[in-house]
Amino acid sequence: MLTITEPIAAGKPIFHWDDPLRLDLQLTSAEKEVQQKASKYAQETLLPRVLEAHRTENYEGIPSLVRELGQNSFLGINLHGYGFRGLNHVAYGLVSRELERVDSAYRTVYSVQSSLATEAIYLNGSDEQKEKYLPGLAKGELIACFGLTEPNHGSDPGSMETRATKVFGGYQLNGHKKWIGLATMADLLVTWARDEEGIVRGFIVEKGTPGLSVENIRGKFCLRAAPTCEFRMDKAFVPEANMLPKARGLSAPFMSLNKARFSIAWGVIGAAEACWQIAREYVLERRQFHRPLAANQLIQRKLADMETQIALMSQACLRVARLLDEGQCAHEAISLVKRHCAKTALEIALTARDMLGANGIVDEHHVIRHVLNLMAVNTYEGTDDIHALILGRAQTGISAFS
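So, here is what we can say about the structure in this document. (Residues numbered from 1 in each chain as written. Predicted model: local features only at pLDDT ≥ 70, side-chain atom pairs only at ≥ 80, totals over all residues. Heavy atoms only, no water.)

### Section: the packing of aromatic side chains
Two descriptors summarise a pair of aromatic rings, namely the distance from one centre to the other and the angle between the planes of the rings.
Consideration 1: In the structure shown here, the tally under the stated rule is 7 aromatic pairs.
Consideration 2: Between Phe 84 and Tyr 122, the aromatic rings sit 6.3 Å apart at their centres with planes inclined by 85 degrees, giving edge-to-face as the arrangement. Residue Phe 84 is located in the loop between helix H2 (62-71) and helix H3 (89-102), and its partner Tyr 122 is located in helix H4 (residues 104-124); the two are separated by 38 residues in the primary sequence. Tyr 122 shares its class with Phe 84; the two are buried.
Consideration 3: Between Tyr 92 and Tyr 110 the ring centres are 5.3 Å apart and the planes differ by 65 degrees, which places this aromatic pair in the edge-to-face class. (Phe/Tyr/Trp six-rings, centres within 6.5 Å; stacked < 30°, edge-to-face > 60°. Helix = DSSP H or I, 4+ residues; strand = E, 2+ residues; numbered from the N terminus. Buried < 20%, exposed > 50% of the residue type's maximum accessible area, 1.4 Å probe, protein only.)

### Digging into the packing of H4 against helix H6 (residues 251-285)
Consideration 1: At their nearest, the axes of H4 and H6 sit 9 Å apart, and the two run at 150 degrees to each other. Considering their axes alone, H4 and H6 lie roughly antiparallel with respect to each other. In the crossing of H4 with H6, the sense of the turn from one axis to the other is right-handed. Seen from H4, the contacting residues are Arg 107, Ser 111, Ser 115, Leu 116, Glu 119, Ala 120, Leu 123 and Asn 124; seen from H6, they are Ala 252, Met 255, Ser 256, Leu 257, Lys 259, Ala 260, Ser 263, Ile 264 and Gly 267. (Axes fitted to C-alpha atoms, helices over the stretch in contact; angles between N-to-C directions. Parallel < 35°, antiparallel > 145°, perpendicular 65-115°, else oblique. Left-handed = near helix turned anticlockwise from the far one by under 90°. Contact = heavy atoms within 4.5 Å.)

### Some points on H4
Consideration 1: Maximal helix bending in H4 amounts to about 40 degrees, located at Thr 118.
Consideration 2: With 20 of 21 residues buried, H4 is to be regarded as a mostly interior element.
Consideration 3: For H4, the N-terminal cap is Asp 103; the gap from its side-chain oxygen to the backbone nitrogen of Ala 105 is 2.8 Å. (Bend = angle between axes of the 7 residues up to and from the residue. Polar contact = N/O pair within 3.5 Å; in protein donor to acceptor, adjacent residues only side chain to side chain.)

### Regarding the pattern of salt bridges
Consideration 1: As enumerated under the stated definition, the model contains 24 salt bridges in all.
Consideration 2: A salt bridge links Arg 97 to Glu 273; its shortest N-O distance comes to 3.6 Å. Of the two residues, Arg 97 sits in helix H3 while Glu 273 sits in helix H6, which places them 176 residues apart along the sequence.
Consideration 3: Classification of Arg 97 by relative accessible area gives buried; the value is 6%.
Consideration 4: Salt-bridge contacts for Glu 98 lead to Arg 101; the nearest nitrogen and oxygen are separated by 3.1 Å. Linking Glu 98 with Arg 101, this pair stays in helix H3, spanning 3 residues, or about one helical turn.
Consideration 5: Using a relative accessible area of 18% as the deciding quantity, one classes Arg 101 as buried.
Consideration 6: Taken together, the shared-partner salt bridges in this structure form one network comprising Arg 97, Glu 98, Arg 101 and Glu 273. (Salt bridge = Lys/Arg side-chain N within 4 Å of Asp/Glu carboxyl O.)

### Regarding the layout of surface pockets
Consideration 1: Here the largest pocket is characterised by a volume of approximately 1,100 Å³.
Consideration 2: Lining of the largest pocket is provided by 39 residues; of these, Thr 149, Gly 154, Tyr 380, Glu 381 and Gly 382 occupy positions nearest its centre.
Consideration 3: Of all elements in the fold, only H4, strand S3 (170-181), H6, helix H9 (367-379) and helix H10 (384-396) reach the threshold of two or more residues within the lining of the largest pocket.
Consideration 4: At 6 residues, the largest contribution of residues to the lining of the largest pocket is made by H6. (1 Å grid on protein atoms, 1.4 Å probe; cavity = no way out; pocket = protein on both sides within 12 Å on 5 of 7 lines; lining within 4 Å. Points joined across faces, edges and corners; volume = space filled by probe spheres on them.)

No statement about biological role is implied by the geometric values presented.
Here you go:
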């Protein structure tokens with residue numbers, strides 16, 4: 001039987017143009033507190049830094065950023081014990097969104113430290129490894145990176161060439177990893193290699209290991225506020241105690257990748273929101289033909305499209321976060337939101353750049369920086385096409401990867 005209920009509050013509901021589906025009403029008090037804290041930190045501390053960091057590729061502030069993330073208890077916020085705050089994936093997503101509202105590079109630092117490297121140890125490490133490394137990672141006193149991608153194998157990690165050979169007391173690693181965030185300043189390089197049986201294993205390679213060489217990738221036009229790197233291992237010795245004992249096969253690094261993809265989906269919403277609201281303010285202030293640009297129908301339609309997509313992306317990501325917290329989130333659901341949100345955020349940023357006219361290519365207006373960054377975000381940790389194939393396989397039962 002259909003039950004008709006009375007409205008909770010009398011009067012006409014108010015439409016909140018900046019949060020039309022009221023994400024705020026769906027958050028707990030703890031989640032709201034995290035969002036507000038992350039927003040204050042990002043806007044007051046990171047936003048004043050970003051223009052110079054992006055223009056000059058100056059990475060000197062990154063170690064301070066990692067420490068600040070740790071001091072604010074943002075790092076590994078969804079993890080428990082070892083100094084982590086022990087909240088949930090919604091809180092993790094909200095922090096990602098606020099950091100990327102400033103710059104994708106800063107959110108990438110957060111994802112690399114929290115999801116990729118830290119969770120790899122958290123999920124696959126021994127008790128001794130967890131006690132040794134996780135407290136420092138939680139505080140931001142240790143910086144870590146995640147070495148999976150290789151120069152010839154980006155979307156195809158199954159063809160990994162890096163090898164781990166058993167030697168007395170441990171393993172000897174030989175290989176080349178590329179497009180690795182934070183590697184040049186990492187104290188710990190969580191690295192993936194095939195053993196002599198062809199099984200993918202995880203290793204914690206410590207900074208200064210003989211045979212390890214690391215360098216920044218130069219000439220990139222995206223994510224310029226944080227380092228993207230490559231490293232080589234030439235007979236680099238890793239002691240037995242630094243092999244991740246629970247990591248066996250590609251499923252181990254993919255667990256960390258899925259969490260990073262989740263943070264990307266949330267993060268790009270922040271970048272899209274920044275571009276949308278910058279464009280909105282611009283067209284309200286900018287006058288052409290004796291009236292604000294915002295008075296034009298085409299402009300209002302673009303604003304409406306931005307608002308709609310951001311509202312829907314936010315609801316989708318919130319749902320995926322709740323599913324993760326309930327243990328009910330399949331990895332394909334993360335592929336769905338990573339693919340859709342990254343692609344849509346780039347479309348929103350490009351539209352905003354167009355709405356700003358010539359000013360849209362000037363970095364002091366911030367939009368062009370988001371455009372460049374989101375091009376990279378659409379590529380890393382699964383391109384649009386790769387995630388489409390994941391979803392296609394889930395629907396048809398047929399793999400089109402080979």
